[in-house]
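If you want the building blocks of each chain, they are given just below.
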Protein chains: 4
Amino acid sequence: MKLAQEGDLVLLMTRKRKQFIVRLVGGGELQTHKGLIRFDDLIGQPLGREVTTHLGHYFLVLEPSLHDLIKNLRRNTQIMFPKDIGYLLLKMNIGPGSRVVEAGAGSGALTLALARAVSPTGRVFSYEARSDIIALARRNLERVGLLEWVELQERDIAHGFDEQDVDALFLDLRSPWDHLPAARAALKPGGYFGAILPTTNQVSELLRALRNAGLGLIEVQELLLRSSKAVPARLRPADRMVAHTGYLIFARKLLSLELMEEWREKRRPRAVERTKAREAEVGN
Amino acid sequence: MKLAQEGDLVLLMTRKRKQFIVRLVGGGELQTHKGLIRFDDLIGQPLGREVTTHLGHYFLVLEPSLHDLIKNLRRNTQIMFPKDIGYLLLKMNIGPGSRVVEAGAGSGALTLALARAVSPTGRVFSYEARSDIIALARRNLERVGLLEWVELQERDIAHGFDEQDVDALFLDLRSPWDHLPAARAALKPGGYFGAILPTTNQVSELLRALRNAGLGLIEVQELLLRSSKAVPARLRPADRMVAHTGYLIFARKLLSLELMEEWREKRRPRAVERTKAREAEVGN
Amino acid sequence: MKLAQEGDLVLLMTRKRKQFIVRLVGGGELQTHKGLIRFDDLIGQPLGREVTTHLGHYFLVLEPSLHDLIKNLRRNTQIMFPKDIGYLLLKMNIGPGSRVVEAGAGSGALTLALARAVSPTGRVFSYEARSDIIALARRNLERVGLLEWVELQERDIAHGFDEQDVDALFLDLRSPWDHLPAARAALKPGGYFGAILPTTNQVSELLRALRNAGLGLIEVQELLLRSSKAVPARLRPADRMVAHTGYLIFARKLLSLELMEEWREKRRPRAVERTKAREAEVGN
Amino acid sequence: MKLAQEGDLVLLMTRKRKQFIVRLVGGGELQTHKGLIRFDDLIGQPLGREVTTHLGHYFLVLEPSLHDLIKNLRRNTQIMFPKDIGYLLLKMNIGPGSRVVEAGAGSGALTLALARAVSPTGRVFSYEARSDIIALARRNLERVGLLEWVELQERDIAHGFDEQDVDALFLDLRSPWDHLPAARAALKPGGYFGAILPTTNQVSELLRALRNAGLGLIEVQELLLRSSKAVPARLRPADRMVAHTGYLIFARKLLSLELMEEWREKRRPRAVERTKAREAEVGN
């Protein structure tokens, strides 16, 4: 059975589900208003159990998931939500070995997930203009041991990206439409473009720009996460939910602009019918 | 620039977005009612471009994403949707190196995603009782080159799982509550349990069983994917959407049943407040 | 017990829930591919029971609800959905005695509901430019006996409305922003303005125009209706749902434009907090 | 132009949208922490304008809508939301002249809307077992001038309802399944049954009971209200929303139990297809 090792990240959680993520250093300790936990009491011990502070309060000791790490990130920017990150990884075909460009890095929530997904053979190229934010992203990546797969570039992307033929490129910026030629130049043919935007006005502007940028198969989607109260005899959705994080926009680099012209005119994205058609006809 | 190679899987798509996924074999061809495409015309050529059939119809040639592979799977069972798969990978902390148990395999949609996520150093142990379905899952995995990371077990799980100390375990079965002791036995302490169920009655029954199974930190969630029509001047949600795929249930293996007893009583899953608390207090 | 009378509208429904709405005329009959039903067999008989056609097929005989009438309207235009209509009636304070302006009438779905709601002492002023559509709306209103409360005006509203001091005014038009001065002129101070628009671009344009039109307390909302399969042991949401009908925009006529200027700047529509504040502080 | 009269209810709203609903009594005043407003300054004046307190703070003076009245009700119980109330009025065909039974009355939110909808010729029969709650409902109805159309019955409904042949009957109770024979006895043939329930377990239990109660055409629905931030250049959904108020269950009284038996077996509620069928075939 795997035991907690010195150097491991662990998640300590109170019975009210307040969470603390710490790295186990010999002789170290976590001080909270519920009391003190000494790391030497955790090292060499199994996870999944409760310990008590010197004041007698209980903390559950767990391995933090990528989800936990993202939710608990030190941040000074709005971060992406796990529901959106999980979906775009699949949608943009990001996996072990992928080479991915990201801008801006922000506090590193998406960067973390990208680094984990592309490891051990891929690479994330992450651009961010603000030096304070990139320093934070670097600390966050280092802390969870994922910096190795990331090249953080402290740079405005006005002059484009250094990479070419990357598998996927994601923009989490205010005006992604300004960077489409650069994005296209960095992507391999057929490569995956993605962006997240909070407002409908921005989505419209990006869609307008995508039309002329040699990026096709455009989709706009949003994900709503609805939690239920986990009470067997009174199962019901929670009273409140997050209603909006952002619109996800996906596209793929196509080879000729003439081609795009034709695709655009033919395109009638009727999701339901398309799915049916797909299910009926794809057999191969 | 990467070119299509003999042996690659490619996605061929008509202008009405009908999709065909094929493996490029020298001398091979795809026959559709729109005409014939010869694979020799694709091998050694770039992706992301259009080709024409002998009848003059256009097909776009693309690398298929994991998302495309899942949506276009040959299936004789209901398959999981990418929105749910992407989320559970993050939530259950599945990444390169993870050891994951899955039952039942079904047509292999989740298996595909698990295999991709855990490669190249992890392993998926996939159980399925029906021999016809497991044969289909095997063909699907072979076809996309991911069988290497999967051990398919044609077996009822009534007698439990062979594995121990696995990182995560997912049940896509009618009555997961029957298999919780086996699931717990297979998981490492703190390991991730997940399940998907279509009906509220099943969710209630699973929640009831989880209470007595040494699995805690229970959550019930569902994801709704809403697409928009990608027209810049007339941006609006699509007319129809998939309203339900299933409820996702997550839990973690905790070490003692006494512990669970206490957790249970304290647990009041108030999602919004919890998030706030987390954001306010987690500083580490 | 109330019995079906000659002249009543009744809803006839097959066991597959196909619906026919007819007016009972002595000697009349309904011919369907399932056979013939003679109205004389229904007149003087109770509702809520089944009858058989001459071919032995069953039809349930019911009083049609306003909901049924709206769903089954003869139409040559997109009609509003009951979920949206029911909400706006409350939101715009429309009830017995209200005087309401509507444009355009379309096939009369909203008109029906407005007429029912304002009767017997109120009045609906309904504008529609196309003569064929207004003829259809008139037939629909006559058929359900609600024409009495409606003044149908076959007229473009470019030159404004004839009414003044109306309680509420609803625009179901492509460019409601062109008619805000006219709308304001027709409304009483504090009166209710409403509109429905399918695209986000239109909503933005209307919001822009409302800012300068002396209409304040602006809200944008949408309603999603999710049905469940009504099976007690397998309760679950239906597989598919209507994802979008339109955005509802509400505002109220305020008295001075200077006032609006100030309101606009102060306005921060944070729905959740507002509700809490309201609940905490409103004591009156 | 209509002016505020002595005796009118008015809504006073701060610039932060805090709301106060008061009845204008000569010589009266509203005292808030923002200062004092004298009713004599409002009587005889137009609505839709701003006034200032003696401390110089602004309040907007408006006629309250039914929606405002419901949201601002004095309450000691959970109340129904306007989105649900508006929908059920249409769905259950409640309008001027309808005779409607309701239990329990609670603080009177639904009662208010029912009374308004059935006036001036209909009647609401409202049952409530707790005397403190019924006193509150009575005060709420009196205050808004709608008590005239309501018969409040302080009584447990264990022994049934006094009324017969009512058009519609709505249950907002913990265990509506206990009262189905009484509900059926009170309804006219074809009459409308409705209920609201928070948990899925309750919905399943009600569905089970409805099967044997001579109530058919059963539907289960829920409404989600999503607000947007009303900023033209940054249009986007609000960050948070109410995720759950309750499931609405609708049914209609059918005449024979044998009939129900057959309906039940035939029933396959496939919402999307049904709608299509309806649209295609209903021509009448």
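Because the structure is predicted, anything quoted here is derived from the model rather than measured.

Novice: Help me understand the overall build of chain A, please; the structure alone is not making it clear to me.
Specialist: When helices and strands are counted, chain A shows eight helices and 15 strands. Burial analysis of chain A (284 residues in total) assigns 64% to the buried set. Counted over contacts in chain A with a minimum sequence separation of 6, partners at least 24 positions apart contribute 61%. As presented, chain A carries roughly 10,600 Å² of accessible surface, and 47% of it is formed by carbon and sulfur atoms.

Novice: So what exactly am I meant to see when it comes to the relation of the copies chain A and chain B here?
Specialist: Relating one copy of the chain to the other requires a rotation about an axis plus a shift along that axis. Between chain A and chain B, the superposition needs a rotation of 180 degrees and an axial shift of 0.0 Å, giving an RMSD of 0.0 Å. Expressed as an axis order, the relation between the two copies is that of a two-fold axis. In terms of C-alpha distance to the rotation axis, chain A has G86 of chain A as its closest residue, with the C-alpha 2.1 Å off the axis. Of the interface residues in chain A, 100% have counterparts in chain B that sit at the interface too, so the contact is made through matching surfaces.

Novice: Honestly, helix α2 (residues 82–91) of chain D in this entry has me stumped. Any pointers?
Specialist: An α-helix turns once every 3.6 residues. As a result, residues three or four positions apart point the same way. The element α2 of chain D is largely enclosed, with a buried count of ten among its ten residues. Residue N93 of chain D follows α2 of chain D closely and has a positive phi angle near 60 degrees.

Novice: How should I be thinking about the sheet that holds strand β1 (residues 9–14) of chain C in this particular structure?
Specialist: In a beta sheet, neighbouring strands pair by backbone hydrogen bonds and run either parallel or antiparallel. Residues and elements named next belong to chain C. Within the open sheet, the four strands sit side by side as β2-β1-β6-β5. Their pairing is antiparallel. At either end of the open sheet lies a strand with only one pairing partner, and these are β2 (19–23) and β5 (49–52). Across this sheet, the average inter-strand angle for adjacent strands is 35 degrees, counted without regard to direction. Looking at chain direction, β5 and strand β6 (residues 58–62) are connected through four bridges and run antiparallel. Counted as the bridge partner of V51 is F59 from β6.

Novice: Before we go on, may I ask you to explain the interface of chain C and chain A in this structure?
Specialist: Interface size is commonly expressed as the accessible surface area that is lost when the partners come together. Listed as interface residues are seven residues of chain C and, on the opposing side, seven residues of chain A. When chain C packs against chain A, the two sides together hide about 580 Å² of surface, and 39% of this comes from carbon and sulfur. At the junction of chain C with chain A, the criterion picks out zero salt bridges. In this structure, the connection of chain C to chain A is made through two residue pairs in polar contact (both at pLDDT 80 or more). At four residues, helix α6 (residues 200–211) of chain C tops the list of elements feeding residues into the side of chain C that touches chain A. When grouped by side-chain class, the residues that make up the side of chain C that touches chain A number one nonpolar, three polar and three charged.

Novice: Explain helix α3 (residues 109–118) of chain B to me, please; I cannot follow it from the model alone.
Specialist: Of all ten residues in α3 of chain B, ten are buried; the element is thus mostly enclosed. Buried residues of α3 of chain B: A109, L110, T111, L112, A113, L114, A115, R116, A117 and V118 of chain B, and no others.

Novice: Any chance you could explain the relation of the copies chain C and chain A here in plain terms?
Specialist: Its rotation angle being 180 degrees, the transformation that places chain C on chain A also includes 0.0 Å of axial translation and leaves an RMSD of 0.0 Å. Taken as a fraction of all interface residues of chain C, those also at the interface in chain A reach 100%, which identifies the copy contact as same-surface.

Novice: Looking at this model, I keep getting lost on the pairing of strand β7 (residues 99–103) of chain A. Mind explaining?
Specialist: It is a general feature of regular strands that their side chains alternate between the two faces of the sheet. All names here are of chain A. Counting buried residues along β7, four of its five residues qualify, which places the element largely inside the surrounding structure. Across five bridges, β7 lies against strand β8 (residues 123–128) in parallel orientation. Among the inter-strand pairings, R99 is bridged to a residue of β8, identified as R123. Traced from β7 through helix α3 (residues 109–118) to β8, the parallel crossover comes out right-handed. Here β7 pairs with strand β10 (residues 166–171) via four bridges, running parallel. Paired with V101 across the two strands is L169, which belongs to β10.

Novice: Before we go on, may I ask you to explain the nonpolar core in this structure?
Specialist: Generally speaking, a soluble globular protein has its nonpolar side chains buried in company with each other. Residues I94 of chain A together with I94 of chain B are the most contacted members of the largest nonpolar core, which totals 96 residues. Those residues in contact with I94 of chain A that sit more than four places away from it in its chain are L88, L89, V100, L114, A117, V118 and A168 of chain A together with R116 of chain B. Core analysis: the second largest hydrophobic core is formed by 95 residues, L110 and L147 of chain C together with V118 and Y192 of chain D among them.

Novice: Please clarify how the packing of helix α6 (residues 200–211) of chain A against α6 of chain C should be interpreted in this entry.
Specialist: The relative placement of two packed helices comes down to the angle between their axes together with the axis-to-axis distance. One can describe the packing of α6 of chain A onto α6 of chain C by two numbers: an axis separation of 10 Å at closest approach and a directional angle of 125 degrees. With respect to α6 of chain C, the element α6 of chain A is oriented oblique. Judged by the sense of rotation from one axis to the other, the crossing of α6 of chain A with α6 of chain C is left-handed. Here T200, N201, S204 and R208 of chain A of α6 of chain A lie close against α6 of chain C, whose contacting residues are T200, N201, S204 and R208 of chain C. Counted by class, the contact of α6 of chain A with α6 of chain C contains no nonpolar, six polar and two charged residues.

What counts and what doesn't
Residues numbered from 1 in each chain as written. Chains lettered and ligands numbered in written order. Predicted model: local features only at pLDDT ≥ 70, side-chain atom pairs only at ≥ 80, totals over all residues. Heavy atoms only, no water. Helix = DSSP H or I, 4+ residues; strand = E, 2+ residues; numbered from the N terminus. Buried < 20%, exposed > 50% of the residue type's maximum accessible area, 1.4 Å probe, protein only. Contact = heavy atoms within 4.5 Å. Areas by Shrake-Rupley, 256 points an atom, 1.4 Å probe, with all protein chains shown as cover. Least-squares fit on C-alpha atoms with pLDDT ≥ 70 in both. Pairing = 2+ DSSP bridges. Axes fitted to C-alpha atoms, helices over the stretch in contact; angles between N-to-C directions. Buried area = accessible area lost by both parts, 1.4 Å probe. Salt bridge = Lys/Arg side-chain N within 4 Å of Asp/Glu carboxyl O. Polar contact = N/O pair within 3.5 Å; in protein donor to acceptor, adjacent residues only side chain to side chain. Nonpolar A, V, L, I, M, F, W, Y, C, P; charged D, E, K, R; others polar. Right-handed = clockwise from strand over helix to strand, strands pointing away. Core = buried A, V, L, I, M, F, W, Y, C linked by side-chain atoms within 4.5 Å. Parallel < 35°, antiparallel > 145°, perpendicular 65-115°, else oblique. Left-handed = near helix turned anticlockwise from the far one by under 90°.

Spatial relationships are all this shows, so hold off on functional conclusions.
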